[in-house]
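# Working through the structure, step by step
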Amino acid sequence: MLHPNLAVNENGHLTIGGLDAVDLAREFGTPAYFIDEDMVRENCRTYRRAMAKYFGGNSRPLYASKALSCTAIYHIVREEGLGIDCVSGGELYTAKTAGFPAAWIYFHGNNKTDRDLADALDMGVGTIVVDNEDELRTISAMASARGCTQKILLRISPGIDPHTHRAISTGSVDSKFGRAIETGQAKAIVAEAMSLPGIDLAGLHCHIGSQIFEIDPFVDAARIMTAFIAELKRDLAFDCRELNLGGGLGVRYTEFDPVIDYADAIERIAAVVHQLCAEHNIPIPTILLEPGRSLVAAAGTTLYTVGSVKEIPGFKRYISVDGGMPDNPRYALYASRYTALIANRAAEEKTVTATIAGRCCESGDLIGEDMPIQPARRGDILAVLSTGAYNYSMASNYNRIPRPPVVLIAGGKATVAVRRETYADLVALDVL
Ligand SMILES: *Cc1c(COP(=O)(O)O)cnc(C)c1O
């Protein structure tokens, strides 16, 4: 199986965290997202242990919560000792509702509104990761008016082009995120932040992109950022206390994707930071990483019920399921590949290839094309693997389809964390 928490039992059914997927589908209905909480916790511990070992005790992973945001996940990562990254007022509100300590929130975004910033200051958000001068000046004015000082990091673009989909590459010079070293604008914004009232510039942040399998781009980013910190020390006498190197490590969606050893990646990134800090004779800043996908994606499985099955002679076979782009828009957005199987006949060979289609009135509403799978029949339970990240958090109500529930699996027990939306929920906001 693609992930260690998945297996096939004596009935030939897929099991998730030891629970029979066919039973889960019966109990919770379909479509539904199942998140293996034990696996999420294990991933959190892998990051924590490796960061403590290679970067020292103050370093910490921050869960990039846009990957999967709901109150339950904030409870889990808090218990595991992680901080979080939030990218909107809505994520901040959800984290606050879950009782997440505001001091451990890093607030991101390339265009935070005045309302977002006021909310963040009201909440006492520990760190705002500032994207640009407009935002910097707004925070300075707001914090000064309140008589407080806001700790910030500055988002810097190191000019790295990792090999990933263009839509999820974020660290090149031509990017809507941050300020680039190459143009001189990064140094200028550091100088300005150092001079403004109400601002405590603690350090720098970069995030080069997502679903990256090669470690070299991360090592390059760490090298460029460390060299830049040395330059800032020399030219501006700036002492960088924190360096946040973002997220982006890849996850296995299919058997063709490599298995990534996250601890090994962290060790390699740490090695270059240590080496460069020694060379430049600067103290090693507290290092932060922001994994999103690599904490939750592999822990997620979506279960659907198969509806119509069609063969078009000379073309292809369509298997339609009772969900689709409203619960998983990633194929429509990025042509993302997934692994699928028939959960009630998981022991059988995958002898056909099929296009798995959703039920929206939209030809692009697909989970994937040419996917190897067992022959499917109406009523089968179809599982799509590695859906823990950027599925529920990207879900919509397109075609007025209610969003599926999020069910946590821990210690052999399944518990609803987010209930299924109802038709009444869909009209609840309609006021005329
Ligand atoms: C999306 C994002 C992350 C997480 O990326 P993953 O690929 O999910 O690990 C981390 N930091 C920032 C700033 C992001 O925008």
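Rules and cut-offs
- Residues numbered from 1 in each chain as written.
- Predicted model: local features only at pLDDT ≥ 70, side-chain atom pairs only at ≥ 80, totals over all residues.
- Heavy atoms only, no water.
- Helix = DSSP H or I, 4+ residues; strand = E, 2+ residues; numbered from the N terminus.
- Rg over C-alpha atoms; globule rule 2.2 N^0.38 Å.
- Buried < 20%, exposed > 50% of the residue type's maximum accessible area, 1.4 Å probe, protein only.
- Contact = heavy atoms within 4.5 Å.
- Areas by Shrake-Rupley, 256 points an atom, 1.4 Å probe, with all protein chains shown as cover.
- Domains from an automatic or database assignment.
- Buried area = accessible area lost by both parts, 1.4 Å probe.
- Salt bridge = Lys/Arg side-chain N within 4 Å of Asp/Glu carboxyl O.
- Phe/Tyr/Trp six-rings, centres within 6.5 Å; stacked < 30°, edge-to-face > 60°.
- Axes fitted to C-alpha atoms, helices over the stretch in contact; angles between N-to-C directions.
- Parallel < 35°, antiparallel > 145°, perpendicular 65-115°, else oblique.
- Left-handed = near helix turned anticlockwise from the far one by under 90°.
- Nonpolar A, V, L, I, M, F, W, Y, C, P; charged D, E, K, R; others polar.
- Near = heavy atom within 4 Å.
- Polar contact = N/O pair within 3.5 Å; in protein donor to acceptor, adjacent residues only side chain to side chain.

A count of helical and extended segments in the chain gives twelve helices and 21 strands. Taken over the C-alpha trace, the chain has a radius of gyration of 23 Å; the compact-globule value for 432 residues is 22 Å, and the two agree within 12%. By principal-axis analysis of the C-alpha atoms, the chain measures approximately 70 × 55 × 45 Å. Counting across all 432 residues of the chain, residues that qualify as buried make up 58%. Contacts spanning at least 24 positions in sequence make up 69% of the contacts within the chain whose residues lie at least 6 apart. In the form shown here, the chain has an accessible surface area of approximately 18,100 Å², with 50% of it arising from carbon and sulfur atoms.

On to the domain arrangement of the chain, then. What the domain assignment lists for the chain is domain 1 (6-30 + 299-427) and domain 2 (37-296). Computed from C-alpha coordinates alone, the two centres of domain 1 and domain 2 are separated by 33 Å. Taken residue by residue, the interface counts 20 residues in domain 1 and 20 residues in domain 2. Interface area for domain 1 against domain 2, summed over the two sides, is near 1,800 Å², with a carbon-plus-sulfur share of 59%. The largest contributions to the domain 1 side of the interface with domain 2 come from Ala299, Tyr334 and Tyr390, which together make up 32% of the buried area.

If you walk through the whole model with that rule in mind, you get 27 salt bridges. Residues Asp220 and Arg223 are paired through a salt bridge, measuring 3.2 Å at the closest nitrogen-oxygen approach. Here Asp220 and its partner Arg223 are both found in helix α8 (residues 216-236), three residues apart, which amounts to about one turn of the helix. The class for Arg223 is partly exposed, based on a relative accessible area of 38%. Between Asp380 and Arg345 there is a salt bridge; the shortest N-O distance is 2.3 Å. One end of the pair, Asp380, is in the loop between β18 (366-373) and β19 (381-385); the other, Arg345, is in the loop between β16 (340-342) and β17 (352-357), and 35 residues separate them in sequence. In this structure Asp380 comes out as buried when scored by relative accessible area, which is 5%. Through salt bridges that share partners, Glu37, Arg41, Arg45, Glu79 and Glu80 make up one connected network.

This model, assessed by the stated rule, comprises five aromatic pairs. A centroid spacing of 5.7 Å and a plane angle of 25° characterise the contact between Tyr47 and Tyr262, whose relative ring orientation is stacked. Within this pair, whereas Tyr47 is found in helix α2 (residues 37-55), its partner Tyr262 is found in helix α9 (residues 262-280), the two being separated by 215 residues in sequence. By relative accessible area, which is 15% here, Tyr262 ends up buried.

For Thr355, the position within the fold is in strand β17. For Thr355 and Arg317, which are 38 residues apart along the polypeptide, the C-alpha to C-alpha distance reads 6.1 Å.

At their nearest, the axes of α8 and α9 sit 9 Å apart, and the two run at 25° to each other. The pairing of α8 with α9 is recorded here as roughly parallel in orientation. The handedness of the crossing between α8 and α9 comes out as right-handed. Contacts between α8 and α9 pair Asp216, Phe218, Val219, Ala222, Arg223, Thr226, Ala227 and Ala230 from the former with Arg268, Ile269, Val272, Val273, Leu276, Cys277 and His280 from the latter. Residues of the contact of α8 with α9, tallied by class, amount to ten nonpolar, two polar and three charged.

Time to look at the environment of Arg359. Assignment of secondary structure puts Arg359 in the loop between β17 and β18. For Arg359 and Asp235, which are 124 residues apart along the polypeptide, the C-alpha to C-alpha distance reads 59 Å. Excluding anything up to four places from it in sequence, Arg359 contacts Val321, Asp322, Gly323, Asp365, Asn399 and Ile401.

Taken together, 15 residues are adjacent to the ligand, and Lys66, Ser210, Glu290, Arg293 and Tyr390 come closest. One of the side-chain N or O atoms of Asp85 is found 3.4 Å from a nitrogen atom in the ligand. In this structure, Arg293 approaches the ligand through a main-chain N or O atom, which is 2.7 Å from an oxygen atom. With the chains in place, 94% of the 390 Å² that the ligand exposes on its own is no longer accessible.

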